[in-house]
Amino acid sequence: DQQVKQNSPSLSVQEGRISILNCDYTNSMFDYFLWYKKYPAEGPTFLISISSIKDKNEDGRFTVFLNKSAKHLSLHIVPSQPGDSAVYFCAASALGIGSNYKLTFGKGTLLTVNP
Amino acid sequence: GAVVSQHPSRVICKSGTSVKIECRSLDFQATTMFWYRQFPKQSLMLMATSNEGSKATYEQGVEKDKFLINHASLTLSTLTVTSAHPEDSSFYICSARLRASNQPQHFGDGTRLSIL
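The present account deals with the structure reproduced in this document. (Residues numbered from 1 in each chain as written. Chains lettered and ligands numbered in written order. Predicted model: local features only at pLDDT ≥ 70, side-chain atom pairs only at ≥ 80, totals over all residues. Heavy atoms only, no water.)

For the rest of this paragraph, the subject is empty space enclosed by the protein. Rolled over the atoms, a probe with the dimensions of a water molecule shows which regions are left empty. Taken as a whole, this structure holds 1 cavity of 30 Å³ or more when the rule is applied. The computed volume of the largest cavity comes to approximately 50 Å³. Surrounding the largest cavity, 11 residues form its lining, Tyr 32, Ser 93, Tyr 101 and Leu 103 of chain A together with Gln 103 of chain B being those nearest its centre. Class assignment of the residues belonging to the lining of the largest cavity gives a composition of 6 nonpolar, 4 polar and 1 charged. (1 Å grid on protein atoms, 1.4 Å probe; cavity = no way out; pocket = protein on both sides within 12 Å on 5 of 7 lines; lining within 4 Å. Points joined across faces, edges and corners; volume = space filled by probe spheres on them. Nonpolar A, V, L, I, M, F, W, Y, C, P; charged D, E, K, R; others polar.)

And the structure:
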């Protein structure tokens, strides 16, 4: 049973345009969400996170939106650059009392930004 | 920024060998480290949570005697794959997090383990 789902295995975008990566979750206990970027043969690199008390968090070209009622979050990258081409993982955690801070990951979306 | 070093990056060895993988947090103290395994085109699957000075907490289906975890200090956790077999071949990644609750996990670059 996948608690974090990334339904698009891949996405192709033109340089300069917006990339929108989507993620859905099923566990209502999740209250902290993260996006990681991963290149082949490397570990994931933290990009941006959002707490459930917010619906938007922005960091430069990256913005994460959270819709708690829909249990959906998305990562927007604008403008997209060829160097953004990588696999993007959505992850979720429950930070409540007794939490061990473990992350549940989606399967990832391969983003390709074409020059 | 937070840096996590994982060593070795690649191991190729014969079936029956035990392999140790190290995970170090280089510029911060990590009370908790995590070990993941990733199969091709799949998600990162949490294997175990490693807390400094205490026994690791293993996820369901992960064999404790096969995957030995030691977290002897605030900057080092090790994963030992004992008597490895070809089905243990995978990409193993560790992560570490700072003490504060809202800090993200930072990952090492992973270890590609190939058992012949």
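Once that is clear, we can look at unusual backbone geometry. Here Val 78 of chain A and Pro 79 of chain A are connected by a cis peptide whose omega angle stands at -5°. Examined against the element boundaries, Pro 79 of chain A turns out to sit in the loop between strand S8 (72-77) and strand S9 (86-93). Following His 7 of chain B, the chain continues into Pro 8 of chain B via a peptide bond in cis, with omega recorded as 0°. As for its position among the elements, Pro 8 of chain B is in the loop between strand S1 (4-7) and strand S2 (10-13). Positioned with a positive phi, Lys 71 of chain A is a non-glycine residue whose angle comes to about 50°. Tracing the backbone through its elements, the reader meets Lys 71 of chain A in the loop between strand S7 (62-67) and S8. Phi angles above zero are rare outside glycine, and Ser 83 of chain B is one such case at about 45°. Its place among the elements puts Ser 83 of chain B in the loop between strand S8 (76-81) and strand S9 (90-97). (Helix = DSSP H or I, 4+ residues; strand = E, 2+ residues; numbered from the N terminus.)

All names here are of chain A. Tallying each qualifying case throughout the model produces 2 disulfides over all chains. Paired by a disulfide, Cys 23 and Cys 90 hold their sulfur atoms 2.0 Å apart. Residues Cys 23 and Cys 90 are joined by a disulfide whose S-S torsion is about -70°; by sign, that bridge is left-handed. Residue Cys 23 is found in strand S3 (residues 19-25), and its partner Cys 90 is found in strand S9; the two are separated by 67 residues along the sequence. As far as the burial class goes, Cys 23 and Cys 90 line up, both buried. (Disulfide = S-S within 2.5 Å. Buried < 20%, exposed > 50% of the residue type's maximum accessible area, 1.4 Å probe, protein only.)

Residue-level contacts link 21 residues of chain B with 18 residues of chain A. Summed over both partners, the interface of chain B with chain A buries about 1,600 Å², with 59% contributed by carbon and sulfur atoms. Our enumeration of links across chain B and chain A arrives at 1 salt bridge. Glu 59 of chain B is the partner of Lys 102 of chain A in a salt bridge, and the nearest nitrogen-oxygen pair spans 2.9 Å. For the interface between chain B and chain A, the tally reads 6 residue pairs in polar contact (both at pLDDT 80 or more). Mapped by element, the contributors of at least two residues to the side of chain B that touches chain A are strand S4 (32-38), strand S5 (44-51), S9 and strand S10 (105-107) of chain B. The biggest single contributor to the side of chain B that touches chain A is S4 of chain B, with 4 residues. Considered class by class, the residues forming the side of chain B that touches chain A number 8 nonpolar, 10 polar and 3 charged. (Contact = heavy atoms within 4.5 Å. Buried area = accessible area lost by both parts, 1.4 Å probe. Salt bridge = Lys/Arg side-chain N within 4 Å of Asp/Glu carboxyl O. Polar contact = N/O pair within 3.5 Å; in protein donor to acceptor, adjacent residues only side chain to side chain.)

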